Amino acid sequence: MSNNVFGLDIGTRNVVGTVGYKNEDDQFVVIAQYNKEHETRAMLDGQIHDIGRVGRTIKKVKEALEEQTRETLSDVCIAAAGRVLKTVTTHIEYEYPEESVVTDEDIHTLDLLGVEKAQNILKENNDTQYKFYCVGYSVVKYYLNDEVFINLEAHKAMKIGEDIIATFLPEDVVDGLYSAVGQADLTVANMTLEPIAAINVAIPENFRLLNIALVDVGAGTSDISITRDGSIIAYGMIPHAGDELTEVIVQQYLVDFTTAESMKLASTTEDEVTYKDIMSISHTIPSKEIWDLVEPVVDRITGEIAEKIRELNGDKTVSACFVVGGGGKIHGFTEHLADHLELPYERVALRGEEVLGDVVFEQAEIKKDPLIVTPVGICLNYYDQKNNFIMVHFNGERLKLYDNNHLTVVDAALTAGFPNDALFPKRGTPINFTVNGAQRIARGEAGDSAVVTLNGEPANINTPLEPNCEITITPSSAGSDAVYTVGQLEEYRNSSMSFVVNGKRVTCPKFVEVNGILEPESYRIKEGDVIETRGYYTVAQVAEFLDVVIDENHEILVNNKTANMDTLVYENFSLDCVFDNDPLLEGEVIEEYNKDDVPEDKTEENTGADSENVVESETKSEPKSDNINTIDVALRVKVNGEDVILHGKSGYIFVDIFDFIDFDLKAGEGRAVVTTINGENAQYSQPLNQGDVLEIYWKEN
């Protein structure tokens, strides 16, 4: 597998591609480089305006480099211009559980924690309509047990920390770059900011103790960075650069933009410039004429650069200033900048060959000049800030996920804050009620599962992720709310009681009371209803059930005792009375009965349904309907050493545990979440069993 790094400097005027690798002497070896101008002004001020045209230019650069290297290029490192740049400086710390040796991975994790914190600070203070994305960062200082250190690796520490400056650009700028690169069949392996790439080459670490400014003058933007006390302390930009000089030449000499650009470049190396105007007339002019023409614009641009440098440097000038990029090569640029910074001319200089000493070019025709500083820096940044995370799109939002080589769709969903219950089918609203003191729940209908796609293909929550993949999840839906009636209760349908009426047995269904009120079988049960099956009839209710009229002028006897129409008749009680009519009592309702079978009444006169012998005579049946169940026995598991009881469902899967513990799934800050059941790696959809031992924690790298 090739160890080559492919970097692209996608500028306003040119796309410069560089392919190379680091050798054993820590030198960067450039094995191929190719530069191509945009055919039209597809970019303005560092911003892509025509993604298709820029994509085609990138593809041509890629194909030229593939021809030179004789290998297929698929991954690329890129840099963004600093237009609408936001920077956040913050401090982050990490404490070890015990004294530990600091590893390179620990330092990288600390960086990611700092970027995450800076991102949160920016979100809180963002007063624009833009959504910002981190494109690079620089560590200002490292701390080991609260002491400033240059390098933390291999030291023992209880606590490490850092001051970090993170840079952010609007997401539409980033999306434009990703889209253009994607059209050339390339995947972004690393992304940084152009001034970060430039400063890593132009100002070595041993120079950064000095208060120095670096200005990368491109075609559309001039990117600025400042060093002091051994660190990079600030980044900035102004939206003015070389194209404004070219536009002046276009107007003065009646030429197209491409010809004007060639005239500008020729004036930096030749005494005379020959060109052909739009009337096809050839002209030859001294280079000094072009210098004099653009001098007012150069003075204005350098004045704005100097003003920005002072703003970033605490309202004071710097000790020296280096200039890179093609726009700064125009005659008089460094002199005007020195005047505005109030510095001697020798302290403002172009940086080119002298800062590329550790860069080896295998192509002899490549000239080491300020134009190639940033392209090389983009490649070198890959080694310094190689991403241990991948970018994906989740429902249209770009996410950055720490790559633990086990990422699945559910990891992206949880990072994005997608609700757990929106991943799985939801039942409609249930009804909780009691029947004869036992709790019941009538469940709603099951809804539809979430619909998951990965790059347009059907997937599920356990599908592995790929870099830059497109994930869409349509939330699961809730089914219909539960509907349950008294007539559906098994106690109503299958529970009955019998009496002996005038010597014949009568079988009747038990009455049902809801919240103390008799309700018919069509009554819809509501949340919290208290339902009791009544173990008695009144004499009047027995007559109503039999559809007879009792002659109250004759004696009414219940269990051979004088009674009235309101007297309670319990299971197996006898009722003797005279009917006004002569009903047809037959079938299963009334059958012949031997009076000797009537039980002896061992109670006092019964005045209500609370008599103990009545309660004991009741038979409580468990429901058999699919839509109604007793509440499931709570599931007890152990999570991180603590007992946790899950309740409210008939069954549980791993992801349900987050509804019962305090664990913020959005607090990853670049770390991977570890999930195990009984010591084995767990899936979010894995069923839980009684007594399972779960572990959930952030992996500290």
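Check the entry above for the structure.
*Asks:* Teacher, can you tell me more about helix H4 (residues 194-202) here?
*Replies:* Helical geometry note: an α-helix holds 3.6 residues per turn, so side chains three or four residues apart project in the same direction. Of all nine residues making up H4, eight are buried, and the element is well covered by its neighbours. By the burial criterion, the buried members of H4 are Glu194, Pro195, Ile196, Ala197, Ala198, Ile199, Val201 and Ala202.

*Asks:* Could you clarify how one ought to interpret the sheet that holds strand E12 (residues 212-217) in this entry?
*Replies:* To summarise the sheet geometry, strands pair through backbone hydrogen bonds and adopt either a parallel or an antiparallel arrangement. Ordered by their spatial adjacency, five strands build an open sheet running E14-E13-E12-E17-E18, and the pairing between neighbours is mixed. What marks the edges here is a single partner per strand, and that holds for strand E14 (231-238) and strand E18 (348-350). Between one strand axis and the next, the sheet turns by 20° as a mean value, whatever way the strands run. As paired elements, strand E17 (residues 320-324) and E18 share three bridges and run parallel to each other. Note on E18: the bridge partner recorded for cysteine 321 is valine 348. Strand contacts of helix H7 (residues 287-312): E12, strand E13 (222-228), E14 and E17, with the helix running at about 145° to E14, the strand carrying the most contacts.

*Asks:* How do you make sense of a negative patch on the surface when you look at a structure like this?
*Replies:* A contiguous patch of negative charge, built from Glu295, Asp299, Glu335 and Asp339, is present on the exposed surface. Counting residues per element, the ones that place at least two in the negative patch are H7 and helix H8 (333-341). Relative to the elements of secondary structure, aspartate 299 occurs in helix H7.

*Asks:* Looking at this structure, how should I read the nonpolar core?
*Replies:* Generally speaking, a soluble globular protein has its nonpolar side chains buried in company with each other. Grouped together as the largest cluster of nonpolar side chains are 65 residues, with contacts concentrated most on Leu8, Ile10, Ile58, Ile78 and Met191. Ignoring any residue separated from it by four or fewer positions in sequence, one finds isoleucine 58 in contact with Leu8, Ile10, Val15, Ala180, Val181, Ala184 and Leu186. Leu465, Ile473, Val644 and Ile657 belong to the second largest nonpolar core, which has 45 residues in total.

*Asks:* Can you help me understand helix H3 (residues 171-183) in this one?
*Replies:* The terminal C-alpha atoms of H3, which comprises 13 residues, lie 18 Å apart, in line with the 18 Å expected from a rise of 1.5 Å per residue. Taken as a whole, H3 has its buried residues at Glu171, Val173, Val174, Gly176, Leu177, Tyr178, Ala180 and Val181. Taken from the residues just after H3, aspartate 185 is the one with a positive phi, measuring 60°.

*Asks:* Can you help me understand the environment of valine 181 in this one?
*Replies:* Note on placement: valine 181 falls in helix H3. With 126 residues separating them along the chain, valine 181 and glycine 55 place their C-alpha atoms 6.0 Å apart. Not counting the four nearest positions on each side in its chain, valine 181 is found in contact with Ile10, Ile58, Val76, Ile78, Leu186, Thr187 and Val188.

The rules behind each value
Residues numbered from 1 in each chain as written. Predicted model: local features only at pLDDT ≥ 70, side-chain atom pairs only at ≥ 80, totals over all residues. Heavy atoms only, no water. Buried < 20%, exposed > 50% of the residue type's maximum accessible area, 1.4 Å probe, protein only. Helix = DSSP H or I, 4+ residues; strand = E, 2+ residues; numbered from the N terminus. Pairing = 2+ DSSP bridges. Axes fitted to C-alpha atoms, helices over the stretch in contact; angles between N-to-C directions. Contact = heavy atoms within 4.5 Å. Patch = residues over 30% accessible without salt bridge, like charges linked within 9 Å, V, L, I, M, F, W, Y side chains within 5 Å. Areas by Shrake-Rupley, 256 points an atom, 1.4 Å probe, with all protein chains shown as cover. Salt bridge = Lys/Arg side-chain N within 4 Å of Asp/Glu carboxyl O. Lys, Arg positive; Asp, Glu negative; His and termini not counted. Charge placed at Lys NZ, Arg CZ, Asp CG, Glu CD. Core = buried A, V, L, I, M, F, W, Y, C linked by side-chain atoms within 4.5 Å. Expected span 1.5 Å × (residues − 1).

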